[in-house]
Amino acid sequence: MKGLKPRIVMSACLAGDNVRYDGVPVRDDFSLKLSTFVEVIKVCPEVELGLGVPRDKVILYHSEEGPRLFQPATDRELTEDMLSFARNFLKSLPPVDGFLLKSKSPSCGVSRTKTYRDKEGRLFRGFGKGIFALEVLKRFPHLPVEDELRLVNRRKKLEFLLGIYMFSFLREKEPKKLHSLIQEPLSLFLPGTERRLRKANVEEYGLFIKKILKKLPVGVLETLGEKFLPEKLRA
Ligand code: SF4
């Protein structure tokens, strides 16, 4: 949509920075393409902790207190440092419309991060989320927060893109304009919601967007995509 530029936080490696632990760049075409349409705030939480590139691998293990971040090669506990960085960083952000983070990472992963029962990373426990990603989800439960792997799914990609564009309307304090664009599918598919949202303020609208997008059929999301998203981003 003309004039709208969502502002998102993106893992620096997805945005093309060479910051991964092994020094091997990530190449994710969708993230790079998205970067050309939105305003990106890049962050590499592990580099921010001063771990350097390349660096010894860090892992996520589970203690009785919950998930912990650890660097086996240096015997270094990193959980408190990461939590402190994440909280300060997230508090310092200007208003943003969403997060796109790197999958599988013990820091950034929203999905498919390996977790272990032990600090050496020998006993596989299952899959979870990274420490930085968990703080993002805690602080911004209403915003779209995804990783590049989950966005391979067409429906999830549409929900994410529509979410960040819709939140950019709200960031610009334009709920009425947003409502005029979505009232038709809402009254057809979610009539109760449509009535409630008609008089909603920015905060109330924000809390509903994610829920609304999850409930609309994928065909309706595609139609909304034609209204909200640049053509090249929909491809
Ligand atoms: S996944 Fe996160 S911590 Fe790891 S390199 Fe990318 S930005 Fe840095």
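How each quantity is defined
- Residues numbered from 1 in each chain as written.
- Predicted model: local features only at pLDDT ≥ 70, side-chain atom pairs only at ≥ 80, totals over all residues.
- Helix = DSSP H or I, 4+ residues; strand = E, 2+ residues; numbered from the N terminus.
- Contact = placed C-beta atoms within 7 Å.
- Pairing = 2+ DSSP bridges.
- Buried ≥ 20, exposed ≤ 12 C-beta atoms within 10 Å, placed from the backbone.
- Right-handed = clockwise from strand over helix to strand, strands pointing away.

*Asks:* An account of the environment of Glu146 is needed here, citing residue identities and associated values.
*Replies:* Looking at the secondary structure, you find Glu146 in strand E9 (residues 145–147). Put simply, Glu146 and Ala200 are 54 residues apart on the chain and 26 Å apart in space, counted from C-alpha to C-alpha. Beyond its immediate chain neighbours, meaning those up to four positions away, Glu146 contacts Leu100, Val110, Leu151, Lys156 and Phe160.

*Asks:* I'd love a proper account of the sheet that holds strand E8 (residues 124–128), names of residues and values included.
*Replies:* The strand order E5-E4-E3-E7-E8 describes an open sheet built from five strands, whose pairing is mixed. Every interior strand has two partners, whereas the edge strands, strand E5 (76–77) and E8, have only one. As paired elements, strand E4 (residues 66–71) and E5 share two bridges and run antiparallel to each other. Its bridge partner lying in E5, Gln71 is registered against Arg76.

*Asks:* With reference to specific residues and values, describe the pairing of strand E1 (residues 7–11).
*Replies:* The buried fraction of E1 is high, at four of five residues. As judged from the five bridges shared by E1 and strand E2 (residues 39–43), these two strands associate in the parallel manner. Bridged to Ser11 within E2 is Val43. Following the backbone out of E1, through helix H1 (residues 29–35) and into the adjacent parallel E2, one traces a crossover that is right-handed. In this structure, E1 lies alongside strand E6 (residues 98–101), joined through three bridges in parallel fashion. Pairing of Val9 across the sheet is with Phe99, part of E6.

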